[in-house]
Amino acid sequence: MFPAKFDYVRADSAADVGRLLAEHDDAKLLAGGHSLIPILKLRLAAPATLIDIGRIPELKGVSVEGGALRIGALTTHAELASSDDIRRQAPALAEAAAQIGDPAVRNRGTIGGNVAHADPASDLPAVLTALGATFHMTGPDGSRAVPAESFFEGMMMTALQDNELLTAVEVPCQAEGQASAYSKLPHPASRYAVIGAAVRLTVAEGRCTEARVVLGGLTPIPTRALAVEQALTGKPLDDRTLQAASAATADGLGDDLLGDIYASAEYRKAVAHVYVRRALAAAAGRLA
Amino acid sequence: MKVQLTINGRRFDREVEPRQLLVHFLRDLGGLTGTKVGCDTSQCGACTVLLDGVAVKSCTCLTVQADGCQVTTVEGLSRDGKLHPLQEAFWNKHGLQCGYCTPGMILASHELLRTNPDPSEPEIRHALEGNMCRCTGYQNIVRSVKEAAKTMAGGSQ
Ligand SMILES: Cc1cc2nc3c(=O)[nH]c(=O)nc-3n(C[C@H](O)[C@H](O)[C@H](O)COP(=O)(O)OP(=O)(O)OC[C@H]3O[C@@H](n4cnc5c(N)ncnc54)[C@H](O)[C@@H]3O)c2cc1C
Ligand code: FES
Ligand code: FES
C-alpha cells in the first residue's frame, strides 16, 4: 500500500511549524507517524503536504517544574514507560505507555500524536484525563493551555485547531497520599484498548478524599465514571468498598458505546467493571 | 527529495519520493531483501529493522524520516563472516520454519536483549508481541532467544 503523493517539509523549531502551516494549505503534521502513516496508506487521508515535526529539539524531553511533569509532545511511549520521573510522579502514565502496541510501536509513537489523534481505542487520553493533565499548544494567535477534560471533544476530535501545534503535556506530580494505576483489555491483534480504566486515588486519615476514575476504549472520548467516584469518596479503601464501587461502572456510561467484531458494546459494558476493579486495587495497593 | 542513509555501514545517496516507505527503499534500492513485507499494516513485525539502533517497523516509516540515519537490517548483523549469536541460536534451536518472520523476529529479539540482557520466558513472549509467525513456531523462537541471551552474556559478542 502506498500513500497518495504529497510534498514533504521538515520543521526545525516550533516557530518554523507556524510559518510552514501558514505557507501550506492542506498540510498535516507528522510526528511518529504511527497513526498518520497507516491512514495515508489506506488513503483515508491525502494531505497535500506533510510537515515533519519529528526532529524539533524543544518538543522533546521530560522535566519536573513547579510541582508538575512537563512532557514534550515528541516524547515516545518507550520514553514515557522508562522515565524515572514519570514512573515516580505519574505511575499510571508509565504503566499505560508500557502497554501500547508493541516495542517497535512504542519506539516511534509519541504522546503528542497519541492525544492529537484522539483515537477512542488509545490508552493515553483516559490516563491523562484521570491525572488531570493540561495540554499546551501554540498557534497564530499565541499559546494556550487546555485541561484534558475539555480537550477531547469527540471521536478523533479535539480542541486542537488545524493551525496549532501541541508542544507539551503537563501532569501534576503525585501528591502526598495519592496513587494512580491503569488496567486494560487489549485487542489481541493490535493491542489497542478495547477497555481501559485509569484511576487516581487520594487518601487522608485512612479515607478516600478524592477519586478520579476514567474509562476509555469503549467510549468515544475519555469518560469519568462518576458513580464509581462517588461510591469511593469518604470511605476507607478496603476490598468491600472497591468491589461495591466498581460494580457501579456501567451506571452513567450511557448508550453511546463502541463495539466491533472482537468485542460488542454490550460485552464491553458488561465487563468494564473488572478493569475498574483491577485499577482501583492496584492504586489502593500502592497506598497501603 | 534527496536522502542519505547508512545501511549496514554502507552509505546510500538517493533521490526518493516522499511517500516511499523505508521497507521499499531497503528492498528495492538497497537490494536488501532480508527485510520482509508481511501485513503492511504495522502488526506482524516482518519488516522490523533497527533505526539508529532502535527497532522500528519499516512499513510504517517513510524513507525521508530516516534521512541521515543509520539502518541495520538482518544482513548487517553478522561480523567478519561470523553469524550474530541470535542468528546462530535461531539456527541451532530450529527457531525458523519457512523463515518469513525470521529477520523481524531476530531484530525484535535484538531490541529485547539491548534493553533486557537476561529476559525471562514471559518477558521474551511479551517483547515479541508485535511479531507474528505464521508457521506458529513460537516455542523454538523463545528457546532461540534464551540461548542467544546466554551466549551473549558469555561475552562472545
Ligand atoms: C500496530 C499499532 C498498534 C498501536 N497500539 C496502540 C495502543 O495499544 N494504544 C495506543 O494508545 N495507541 C496505539 N497505537 C497508536 C500509537 O500510539 C500512535 O503512535 C499514536 O496514536 C500517534 O502518535 P504519533 O506520534 O505516531 O503521531 P502521528 O501518526 O505522526 O500523528 C497522528 C496525528 O496527530 C497529529 N499530530 C501529531 N503530533 C502533533 C503535535 N505535536 N501537535 C499537533 N498535532 C499533532 C498529526 O497531524 C496526525 O493527525 C498503535 C499504533 C499501531 C501502528
Ligand atoms: S509488514 Fe510491517 S509490520 Fe507487517
Ligand atoms: S517461520 Fe514461517 S512465518 Fe515464522
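Conventions and cut-offs
Residues numbered from 1 in each chain as written. Chains lettered and ligands numbered in written order. Predicted model: local features only at pLDDT ≥ 70, side-chain atom pairs only at ≥ 80, totals over all residues. Heavy atoms only, no water. Helix = DSSP H or I, 4+ residues; strand = E, 2+ residues; numbered from the N terminus. Buried < 20%, exposed > 50% of the residue type's maximum accessible area, 1.4 Å probe, protein only. 1 Å grid on protein atoms, 1.4 Å probe; cavity = no way out; pocket = protein on both sides within 12 Å on 5 of 7 lines; lining within 4 Å. Points joined across faces, edges and corners; volume = space filled by probe spheres on them. Pairing = 2+ DSSP bridges. Axes fitted to C-alpha atoms, helices over the stretch in contact; angles between N-to-C directions.

Would you mind showing me how to read unusual backbone geometry here?
A negative phi angle characterises most non-glycine residues, just as the trans form characterises most peptide bonds. Residue and element names in this part refer to chain A. Despite not being glycine, R43 shows a phi value in the positive range, around 60°. The residue R43 is located in the loop between α2 (36–41) and β3 (49–52) in this model. On the accessibility criterion, R43 (48% relative accessible area) is partly exposed. At A118, a residue that is not glycine, the phi angle is positive and equals roughly 55°. Position of A118 relative to the elements: it lies in the loop between α7 (111–117) and α8 (124–130). The exposure class of A118 is buried, given its relative accessible area of 3%.

Would you mind showing me how to read the layout of surface pockets here?
A probe matching the size of a water molecule, rolled over the atoms, marks out where space remains unfilled. In this model, the second largest pocket occupies a volume close to 1200 Å³. Taken together, 41 residues form the lining of the second largest pocket, with A78, P103, R106 and N107 of chain A together with V54 of chain B sitting closest to its centre. If you list the elements that add at least two residues to the lining of the second largest pocket, you get α3 (77–82) and α6 (103–108) of chain A together with β3 (48–51), β4 (54–57), α3 (102–115) and α4 (121–127) of chain B.

Please explain the sheet that holds strand β7 (residues 142–147) of chain A as it appears in this structure.
All names here are of chain A. Read from one edge to the other, the open sheet built from five strands follows the order β4-β5-β10-β6-β7, with strand pairing classed as antiparallel. Sheet topology places β4 (62–65) and β7 at the edges, where each strand pairs with a single neighbour. Strand-to-strand, the axes of this sheet are offset by a mean angle of 25°, without reference to chain direction. Here five bridges tie strand β6 (residues 134–139) to strand β10 (residues 165–172), and the two strands are oriented antiparallel to one another. Within β10, the position partnered with H136 by the bridge is A168.

Purely spatial values, then, with no claim about function.
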